[in-house]
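These are the residues of each chain, in order.
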Amino acid sequence: ATPTAVMVATGKGASLGVLIKGGNALENAHKVKTVVFDKTGTLTVGKPAVVSAVLFSDVSMEDFCDMTIAAETNSEHPIAKAVVEHAKMFRQNNGSHNDLFTEVKDFKVHPGAGVSGKIGERAILVGNKRLMHLSSVPLGIEVDKYVSENENLARTCVLVAIEGRAAGAFAVTDPVKPGAALVISHLRSMGISSVMVTGDNLSTATAIANQVGIDKVFAETDPLGKADKIKELQLQGTSVAMVGDGINDSPALVAADVGMAIGAGTDVAIEAADIVLMKSNLEDVVTAIDLSRKTMSRIR
Ligand code: ADP
Ligand code: MG
């Protein structure tokens, strides 16, 4: 594109809240045939909330809550915040007002899986099924049933193991953004297919994908794995845009032909992206590609 055309288009974009970082970004966007969406915070609202809790072993609800609160308070993960909030509320509703025992030894974050540590003499593990498998915590039929029932409802399960035994679990919901399905169908009408990548498990991810009309899902991927999936798609000969909020997905934003950061919130995202959707509006994925297509067709 000529410098003038780029200037006009980026100016138009800016007025719409779509920040296009230069001519390459603009030119690459018109070739996009596949859009890869991050799940958490991109297709979903990104504010998880606990909708149910269950005990599997003979620990008391209070003990279960205290141990979980202690471990998850040390985590920055939005799921951890939801779990802590719920456990504190539950504790209070059951008349517990005494001080929490919060000192955690050997605290460890397992990225994309959960956290672990020791409280007093007891080991605690909070996270997904993969974390339980990694630590050889046996999960019985009761646990499997709770997990699969909730995952099929698009919820993420947080399992808690105390001393190597499944003690209980929380089911967490993170609803889909109201406009998400429309954006996917809009893209389809433009000849563009949509894909999901997430660190979450396959069942939950698939349930969310079904809600928005995405039929290709890459689940249980870590940040570098997300970038690898982008590269795989590119090797198949398709030009790929990645849409993410920057949390866990900046390598993928960089790997994509066009990285689109949703939300002006995270600095990493703005840094890694080619296009920033300033209004945090998913529909602006369409706006950006549309603008690029119109600019490029006017030139040729
Ligand atoms: P996403 O790609 O969806 O942002 P992450 O890679 O951050 O997901 O995490 C993947 C999964 O790991 C979560 O869905 C959750 O099951 C589990 N997980 C990660 N951190 C925690 C935590 N602090 N507490 C409980 N579960 C966690
Ligand atoms: Mg995210």
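To be clear, the structure that these remarks concern was listed above.
Residues numbered from 1 in each chain as written. Chains lettered and ligands numbered in written order. Predicted model: local features only at pLDDT ≥ 70, side-chain atom pairs only at ≥ 80, totals over all residues.

**Student:** Help me out: how do you make sense of the site of ligand 1 in this one?
**Tutor:** Taken together, 20 residues are adjacent to ligand 1, and T40, S75, G112, N128 and G199 come closest. Counting only elements with at least two residues in the shell around ligand 1, the list comes to α3 (39-43), α5 (78-93), β5 (114-119), β6 (122-127) and β7 (156-162). Looking at the shell around ligand 1 residue by residue, the class counts come to six nonpolar, eleven polar and three charged. Shared between two domains, the shell around ligand 1 takes at least three residues from each, and those domains are domain 1 (3-45 + 176-299) and domain 2 (49-173). (Near = placed C-beta within 6 Å. Helix = DSSP H or I, 4+ residues; strand = E, 2+ residues; numbered from the N terminus. Nonpolar A, V, L, I, M, F, W, Y, C, P; charged D, E, K, R; others polar. Domains from an automatic or database assignment.)

**Student:** What's the story with the nonpolar core in this structure? I'm lost.
**Tutor:** In summary, soluble globular proteins display a tendency toward joint burial of nonpolar side chains. Among the nonpolar cores identified, the biggest contains 51 residues, and A241, M242, A256, M260 and I275 are the most heavily contacted of them. Each residue touching M242, except ones within four places of it in the same chain, is listed here: V36, I230, A252, L253, A256, G259 and M260. Counting residues in hydrophobic clusters, the runner-up holds 38 residues, among them A71, V137, V143 and I162. (Core = buried A, V, L, I, M, F, W, Y, C linked by C-beta atoms within 7 Å. Buried ≥ 20, exposed ≤ 12 C-beta atoms within 10 Å, placed from the backbone. Contact = placed C-beta atoms within 7 Å.)

**Student:** Even after reading the chapter, I still don't get the environment of V158, so can you show me in this structure?
**Tutor:** Checked against the element boundaries, V158 lands in strand β7. Of the residues examined, V158 has 26 C-beta atoms within 10 Å and is grouped as buried. Here the alpha-carbon distance between V158 and G246, two residues 88 residues apart in the chain, equals 23 Å. Excluding residues within four positions of it along the chain, V158 makes contact with I79, V83, V126, G127, A169, F170 and V172.

**Student:** Honestly, unusual backbone geometry in this entry has me stumped. Any pointers?
**Tutor:** Leaving glycine out, the prevailing phi sign among residues is negative, and the prevailing peptide bond configuration is trans. In this model, A154 sits at a positive phi of 70°, which is unusual for a non-glycine residue. Of note, A154 is situated in the loop between α7 (141-152) and β7. Although it is not a glycine, E220 adopts a positive phi angle of roughly 50°.

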